[in-house]
Amino acid sequence: MVIGEGKMAAPEEPELSQAQTEKLLQFQDLTGLESIDQCRRTLEQHNWNIEAAVQDRLNEQEGVPSVFNPPPPRPLQVNTADHRIYSYIVSRPQPRGLLGWSYYLIMLPFRFTYYTLLDIFRFALRFIRPDPRGRVTDPVGDVVSFIHSFEEKYGRSHPVFYQGTYSQALNDAKRELRYLLVYLHGDDHQDTDEFCRSTLCTEEVITFINTQMLFWACSTSKPEGYRASQALRENTYPFLAMIVLKDGKMTMVGRLEGLIQPEDLINQLTFIMEANQTYLMSERIEREQRNQTQEIRKRQDEEFEASLRADQEKERKKREEQEQKRQEEEKVRQSVLMEERRRRKLEEEKERKSECLPPEPQADDPESVKIVFKLPNDTRVERRFLFGQSLTVIHDFLFSLKETPEKFQIVTNFPRRVLPCLPSEEQPNPPTLKEAGLSRCEVLFVQDLTDD
């Protein structure tokens, strides 16, 4: 029998205010839910308290019991006619002896009348007001309240109760691949006290349940217990249901009803577990294979990502190298262009200096000076100047020559001295040839200063 949720038509929903719309979008961003209708239902069930709704959603994802009064889930439906469910019903012992039968026959009409009137009263009450147990407002609170009342009445020596909702217990049993034993507690049933004291709270039953399965229990007088009762459809009390993952779904594989003794309870639970062990083992093997497949796929994805990162790194380095090469080529190109512009500017400057030179005087001019220049490439150049001309004229003449280096200085041979041909801070106006002490015939040396 597969446990599933029932369907019901959704009523027409009213329009939202601007504040509610903002909360709805904020809740969807925080929780990652794709369905806007589900986000709206969750917020409405929490009275549009976004903090409570977000916390409740996170608790649900982590399998932690809700602390914010989660919404009432729809009743879980169970097909009780499934022949695969193992059923074990314990009938009450028949009276023995004349005294026993006499007491039974005397009490029979009173008991019949009491239960008949009680059923009629409950049936009529349903028409007056709906059963309050149908509204599950605090399922975790229902379970915790039952546990406290159980311990007050029967003590703390009992199987470990699952402190969460019925649905959470199913989810945990499914996730952990364990059996889930559900106990529905009938407060007003005549066999409940004896079962709890003489069977459920015995040491051997406690040890068996705690080591073999999860144990969830609740009173059917509580809304959460009543919801589980609707799903499991018990006939009498005490009622126990064994649920396990079977064929991929949580399935009830056994039900025990009536007053049962400790040894018989352990034997029946053991029989149910052994009968369904193959299903549980197959689920474990399938899950292990699925986990292995996921692990292999994960490793493959990691290897692919590592290979992709390596390729991306290679591509990045290749782009960097290409960019570096491009920059170097651009740098060389710019350097060539700058050098070309510099040379062109230098040639223009030489041409301009040549055009600005004063004419060369005649050889018979008494103020003329014959100067022989010895260039760095061992070539000789001869020209006449006037005594009254500035040494700058000599420099401009040499600068206009193609053979002359870009930077140079003019030096006399003996005594050796550098002629101040260009203006400086100490001497803004260079001296004339006569002031520099040159004779009518001179040999001057041109020194290359380009490297300096």
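These numbers come from a predicted model, not from an experiment.

Draft legend 1. Main features of the sheet that holds strand E8 (residues 368-374). On the basis of which strands lie adjacent, the open sheet formed by five strands has the order E9-E8-E12-E10-E11 and mixed pairing. Every other strand in the sheet has two partners, leaving strand E9 (380-386) and strand E11 (417-418) as the edge strands with one partner each. Pairing of strand E10 (residues 408-412) with strand E12 (residues 441-448), which is carried by five bridges, proceeds in the antiparallel orientation. If you follow glutamine 409 over to E12, its bridge partner there is glutamine 447.

Draft legend 2. Region of interest: the pattern of salt bridges. Under the criterion given, the structure shown has 18 salt bridges. Here glutamate 286 makes a salt bridge to arginine 290, at a shortest N to O gap of 3.7 Å. Separated by four residues within a single helix, glutamate 286 and arginine 290 lie in helix H11 (residues 277-356), roughly one turn from each other. The partner of glutamate 382 in a salt bridge is lysine 370, with the nearest N and O atoms 3.2 Å apart. Placement of the pair is glutamate 382 in strand E9 and lysine 370 in strand E8, with a sequence separation of twelve residues. Exposure remark for glutamate 382: the relative accessible area of 46% places this residue in the partly exposed category. It is possible to trace a salt-bridge network through shared partners that takes in Glu339, Arg342, Arg343 and Glu406.

Draft legend 3. The arrangement of the pairing of E8 in detail. In terms of burial, E8 is largely enclosed, as five of its seven residues are buried. With seven bridges connecting them, E8 and E9 associate as antiparallel partners. Across the sheet, residue serine 368 finds its bridge partner in E9, namely leucine 386. Note: E8 against E12, five bridges, orientation parallel. For valine 372, the partnering residue across the bridge sits in E12 and is valine 443.

Draft legend 4. Expanded view of the confidence of the model for the protein. On average, residues of the protein score 82 in pLDDT, and 79% of them reach the 70 mark or higher. Contacts from residues 1-11, a stretch scored under 50 in pLDDT, to residues over four places away or in other chains number 27 contacts. In the model, residues 67-83 has pLDDT below 50 throughout and makes 53 contacts with residues more than four positions away in sequence or in other chains.

Draft legend 5. Looking closely at the packing of aromatic side chains. One pass over the full model with this rule turns up ten aromatic pairs. Ring centres 5.9 Å apart and planes at 40° place the aromatic pair phenylalanine 373 and phenylalanine 397 in the tilted group. Taken together, the residues phenylalanine 373 in strand E8 and phenylalanine 397 in helix H12 (residues 391-400) connect sequence positions 24 residues apart. Here phenylalanine 373 and phenylalanine 397 have matching classes, each one buried. The structure contains a cluster of three or more aromatic residues connected by ring pairs, namely Phe146, Phe150, Tyr154, Phe161 and Phe215. In this arrangement the basic side chain of lysine 246 is found over the ring face of tyrosine 279, its NZ or CZ atom lying 4.3 Å from the centre.

Draft legend 6. Representation of a negative patch on the surface within the structure. Taken together, Glu295, Asp301, Glu302, Glu303 and Glu305 make up a surface patch of like negative charges. Note that glutamate 305 resides in helix H11. Residue class for glutamate 305 comes out partly exposed when judged on its relative accessible area of 41%.

Definitions and limits used
Residues numbered from 1 in each chain as written. Predicted model: local features only at pLDDT ≥ 70, side-chain atom pairs only at ≥ 80, totals over all residues. Heavy atoms only, no water. Pairing = 2+ DSSP bridges. Helix = DSSP H or I, 4+ residues; strand = E, 2+ residues; numbered from the N terminus. Salt bridge = Lys/Arg side-chain N within 4 Å of Asp/Glu carboxyl O. Buried < 20%, exposed > 50% of the residue type's maximum accessible area, 1.4 Å probe, protein only. pLDDT = per-residue confidence, 0-100. Contact = heavy atoms within 4.5 Å. Phe/Tyr/Trp six-rings, centres within 6.5 Å; stacked < 30°, edge-to-face > 60°. Lys NZ or Arg CZ within 6 Å of the ring centre and 35° of its normal. Patch = residues over 30% accessible without salt bridge, like charges linked within 9 Å, V, L, I, M, F, W, Y side chains within 5 Å. Areas by Shrake-Rupley, 256 points an atom, 1.4 Å probe, with all protein chains shown as cover. Lys, Arg positive; Asp, Glu negative; His and termini not counted. Charge placed at Lys NZ, Arg CZ, Asp CG, Glu CD.

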